[in-house]
Amino acid sequence: MANQTDTNSGFDALGERVSHAFSKLIYVVLCVLLCVLGYVAKPSAGSEASGETMPASSVQMLEYNKGLEQVARDDDYRTTYEIFVSSFCDSDADGIGDLNGIRNTLDYISAMGFDQLWLTPVHPSATYHKYDVDDYLKIDPAFGSMEDYEALLEDCHARGIRVLMDLVLNHTSDTHPWFRAATDYLRELPNDWEPDVEYCPYFDYYHFSRTPQDGYVQLEGTNWYYEARFWSEMPDLNLNSEAVRKEIRNVLQFWLDKGVDGFRLDAVTSYATGSPQENVEFLSFLTKTCKGIDPDCYLVGEAWTDRSSIATLYTSGIDSLFDFPFADSGGIIAQTMNGSRSAYDYVREMVDAEAAYRGANPDYVDAPFYTNHDTSRSASFYSSDEGPVTKMAYALSLFMPGDSFVYYGEELGMEGAGKDENKRGPMYWSDNAQTEGMCSAPSNMDEVQMKFPSLEAQTKDDLSLWRWFAEVIRVRKAFPAIARGTTEMVDGVCDEGVAAFIRRSADDQDVLVVMNLRGQATEKDLSTVADNLSLAAVLGTNDESISYNQGKLNLPAYSIAVLTFGKE
Ligand code: CA
């Protein structure tokens, strides 16, 4: 950044002025916001510079992309930030992240370019993760009040950020009043009596049986068994029950009336274990019910499965399903970056995924992601990487079309692998644990050694992972075809280490994206693709420049060029 010294001294002066009134965290967030906004506000410097000498800058992308206009659209092609609520930001110094903490960080989230939030469950629950709900119509007091949730919705909407509620419908907690009523009834029921649903409707809310079977757990003190696939304390709901569906309708209505913009649906392949058609039917019920209440409501389902099973679930009409085959340490993205899969393959997989999903639901919106609260954090995937491989892997995810999801802390390269708690550590705002807003680690979390610095440190480094993330999202949002178009392989340019594709869009300018995914510089001849290309945006991981001259594209190690097609 050309005027970094001035900008930083501006921050310091501002810091002194606000330090009495604001917490350290708010200062950090403010610095980040001003850093990004200050950067946006600088005059444009030649994004039309195709064929010209690159501006002198240690980090070319920061100069080259700064005139890019951000396109905000009220559609489902978002860039979404997943927040594990208890570990993100604590507003009342009890160590537990909460809703008001999230409200305090919305400037940060917005400045990063995120325009949708997925909050992990906020309903009352005894566990730290809250994926076992005690009451679908309340907010867990550890996270705040209903008023706090409503205020969060209002603050997000004022910034154009949508909020997705995590809805866990496969099972409840075993302390949910429905399960308690059913099991109290069964404990009293004489052995030779049949249950009477008229007398105890909650018997029908779960799957009970007098016969032991796979996936069932014995109800203590009785000869009854209940279905509990994940854990004995998470009894599976009977989603075919009309009474349960009526309850669910009320839950959807309640939250949509509050202004929730949509739902992330937990464990959709487990709704009816082993029966894809029943899962399709239930997803179809949820989709129709939600759209009947609010036609703009958006649904994304967690189907942790393969492409053809995901395609089957898209026949329900659901908007989005997480694109699991690309994610996690063994997924397409990680394989592409560790060299066990070629760059060419990455493009072919995108083309194949689009065809499979579009065939099942022409209006589908893919939901690519790289990691989430159930996977190891990405920094742990490549132990010898000092940054570039992790950066390019995230670009592979963020350059996929659809609604792209990023797990909190991944923009900092936080570490965390092994047991679940390690994947859900405190957001690394600062390396000073006393900084206001910092959360306590989940109990049982191991000591995790961070590889990359805290947010506070990364905002001061133009080559940081955090800066890269902000820049990739900025490019994604400057060219609507990246998120909204369909992928066309550019055969002659793709090879083992170079991914090249055109994103075609009916409504927006097509773009050609060329990514060098390997550690050596490369030159590509683009004259066979088109003779009217211009270099529209660049993303680099070192101080070498990307250039495009007379059809020849020079890509340094681990870098990306976005080109547009000139007028005919
Ligand atoms: Ca708290």
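Residues numbered from 1 in each chain as written. Predicted model: local features only at pLDDT ≥ 70, side-chain atom pairs only at ≥ 80, totals over all residues. Heavy atoms only, no water.

### Some remarks on the overall build of the protein
Here comes step 1: A count of helices and strands for the protein gives 16 helices and 18 strands.
Here comes step 2: Taken over 568 residues, the protein has a buried fraction of 61%.
Here comes step 3: When contacts within the protein are restricted to residue pairs at least 6 apart in sequence, those whose partners lie at least 24 apart make up 69%.
Here comes step 4: As presented, the protein carries roughly 21800 Å² of accessible surface, and 47% of it is formed by carbon and sulfur atoms. (Helix = DSSP H or I, 4+ residues; strand = E, 2+ residues; numbered from the N terminus. Buried < 20%, exposed > 50% of the residue type's maximum accessible area, 1.4 Å probe, protein only. Contact = heavy atoms within 4.5 Å. Areas by Shrake-Rupley, 256 points an atom, 1.4 Å probe, with all protein chains shown as cover.)

### Digging into the sheet that holds strand β16 (residues 547-549)
Here comes step 1: The strand order across the open sheet formed by 3 strands is β14-β17-β16, and the pairing between neighbours is antiparallel. What marks the edges here is a single partner per strand, and that holds for β14 (522-525) and β16. For this sheet the average axis-to-axis angle between neighbouring strands, irrespective of direction, equals 20°.
Here comes step 2: Here β14 pairs with strand β17 (residues 552-555) via 4 bridges, running antiparallel. Across the sheet, residue Lys524 finds its bridge partner in β17, namely Leu553. (Pairing = 2+ DSSP bridges. Axes fitted to C-alpha atoms, helices over the stretch in contact; angles between N-to-C directions.)

### What about helix α6 (residues 146-158)?
Here comes step 1: Here α6 is 13 residues long and its end C-alpha atoms lie 18 Å apart, about the 18 Å a rise of 1.5 Å per residue gives.
Here comes step 2: Three or more residues of α6 are buried, namely Met146, Asp148, Tyr149, Ala151, Leu152, Leu153 and Cys156.
Here comes step 3: For α6, the secondary structure elements touched by its buried residues are α4 (99-104), α5 (106-111), β2 (116-119), β3 (162-167) and α8 (242-258).
Here comes step 4: Looking one or two residues past α6, Gly160 carries a phi angle of roughly 75°, positive in sign. (Expected span 1.5 Å × (residues − 1).)

### Some points on empty space enclosed by the protein
Here comes step 1: Counted according to the given criterion, the structure contains 1 cavity of 30 Å³ or more.
Here comes step 2: Empty space within the largest cavity amounts to approximately 40 Å³.
Here comes step 3: Along its surface, the largest cavity is lined by Glu82, Trp118, Phe322, Phe369, Thr371, Asn372, Phe405, Val406 and Tyr407.
Here comes step 4: Broken down by element, the residue count for the lining of the largest cavity peaks at 3 residues, all from strand β10 (residues 404-407).
Here comes step 5: Residue composition of the lining of the largest cavity, by class: 6 nonpolar, 2 polar and 1 charged. (1 Å grid on protein atoms, 1.4 Å probe; cavity = no way out; pocket = protein on both sides within 12 Å on 5 of 7 lines; lining within 4 Å. Points joined across faces, edges and corners; volume = space filled by probe spheres on them. Nonpolar A, V, L, I, M, F, W, Y, C, P; charged D, E, K, R; others polar.)

### Points about unusual backbone geometry
Working note: non-glycine residues mostly have negative phi, and peptide bonds are mostly trans.
Here comes step 1: A positive phi is found at Asn444, a non-glycine position, where the angle reads about 80°.
Here comes step 2: Within the element layout of this structure, Asn444 appears in the loop between β10 and α14 (455-458).
Here comes step 3: Despite not being glycine, Tyr558 has its phi angle at roughly 50°, a positive value.
Here comes step 4: Here Tyr558 is to be found in the loop between β17 and β18 (559-565).

### Here's the deal with the coordination of the calcium ion
Here comes step 1: Protein ligation of the calcium ion involves Asp90 (OD), Asp92 (OD), Asp94 (OD), Ile96 (O) and Asp98 (OD), the donor distances falling in the range 2.2 to 2.3 Å.
Here comes step 2: Since its relative accessible area comes to 6%, Asp90 is described here as buried. (Donors = N, O, S within 2.8 Å, 3.2 Å for Na, K, Ca; no water.)

### Structural notes on the confidence of the model for the protein
Here comes step 1: Mean pLDDT over the protein stands at 92; residues scoring 70 or higher make up 90%.
Here comes step 2: Below pLDDT 50 for its whole length, residues 1-22 participates in 18 contacts with residues either more than four positions away or in separate chains.
Here comes step 3: Of the regions scoring below 50 in pLDDT, residues 38-57 engages in 36 contacts with residues more than four places distant in sequence or in other chains. (pLDDT = per-residue confidence, 0-100.)

### Digging into the environment of Phe179
Here comes step 1: Considering the arrangement of structural elements, one finds Phe179 in helix α7 (residues 177-188).
Here comes step 2: Remark: the alpha-carbon pair of Phe179 and Phe203, spanning 24 residues in sequence, is separated by 8.1 Å.
Here comes step 3: When neighbours within four sequence positions are excluded, Phe179 is seen to be in contact with Thr172, Ser173, Asp174, Tyr206, Phe208, Tyr226 and Pro235.

### Observations regarding the pairing of strand β13 (residues 511-516)
Here comes step 1: β13 sits mainly inside the fold: 6 of its 6 residues count as buried.
Here comes step 2: Along β13, one buried face is formed by Val511, Val513 and Met515 and the opposite face, lined by Leu512, Val514 and Asn516, is buried too.
Here comes step 3: Pairing analysis gives 6 bridges linking strand β12 (residues 498-504) to β13, with the strands arranged antiparallel. Note on β13: the bridge partner recorded for Val498 is Asn516.
Here comes step 4: Between β12 and β13, which pair antiparallel in sequence order, lie 6 residues.
Here comes step 5: Inspection of the sheet shows β13 paired to β18 by 6 bridges, in the antiparallel sense. Pairing of Leu512 across the sheet is with Leu563, part of β18.

### Some thoughts on the packing of aromatic side chains
Here comes step 1: One pass over the full model with this rule turns up 35 aromatic pairs.
Here comes step 2: Ring geometry for Phe324 versus Phe369: centroids 4.9 Å apart, planes at 75°, classification edge-to-face. Placement of the pair is Phe324 in the loop between β9 (320-321) and α11 (332-338) and Phe369 in the loop between α12 (343-360) and α13 (388-398), with a sequence separation of 45 residues. Across this residue pair, the class does not change: Phe324 and Phe369 are buried.
Here comes step 3: Looking at Lys130, its charged tip hangs above the ring of Phe143, at a distance of 5.3 Å from the centre.
Here comes step 4: If you follow Arg245 out to its NZ or CZ, it ends over the ring of Phe285, 4.7 Å from the centre. (Phe/Tyr/Trp six-rings, centres within 6.5 Å; stacked < 30°, edge-to-face > 60°. Lys NZ or Arg CZ within 6 Å of the ring centre and 35° of its normal.)

### Re the packing of helix α10 (residues 307-314) against α12
Here comes step 1: Between α10 and α12, the least distance of the axes is 7 Å, while the angle of their chain directions is 30°. Between α10 and α12, the angle is such that the two are roughly parallel. Crossing handedness for the pair α10 and α12: right-handed. Between α10 and α12, the contacting residues are Arg307, Ile310, Ala311 and Tyr314 on the first element and Glu349, Asp352, Ala353, Ala356, Tyr357 and Ala360 on the second.
Here comes step 2: Tallied by class, the residues present in the contact of α10 with α12 amount to 7 nonpolar, no polar and 3 charged. (Parallel < 35°, antiparallel > 145°, perpendicular 65-115°, else oblique. Left-handed = near helix turned anticlockwise from the far one by under 90°.)

### Examining the side chain of Gln116
Here comes step 1: Counting through the fold element by element, Gln116 comes out in strand β2.
Here comes step 2: Looking at Gln116, its side chain comes within polar contact range of the side chain of Thr80, at 3.0 Å.
Here comes step 3: A polar atom in the side chain of Gln116 sits 2.9 Å from the side chain of Asp403.
Here comes step 4: Look past the residues within four positions of Gln116 in its chain and what remains in contact with it is Arg78, Thr79, Thr80, Tyr81, Ile161, Arg162, Leu164, Tyr298, Asp403 and Phe405. (Polar contact = N/O pair within 3.5 Å; in protein donor to acceptor, adjacent residues only side chain to side chain.)

### Details of the environment of Asp90
Here comes step 1: Its place among the elements puts Asp90 in the loop between β1 (79-83) and α4.
Here comes step 2: Separated by 10 residues in sequence, Asp90 and Asn100 place their C-alpha atoms 7.6 Å apart.
Here comes step 3: Excluding anything up to four places from it in sequence, Asp90 contacts Gly95, Ile96, Gly97, Asp98, Gly437, Met438 and Cys439.
Here comes step 4: Polar contacts involving the side chain of Asp90 include one to the main-chain amide nitrogen of Ala93, which spans 3.2 Å.

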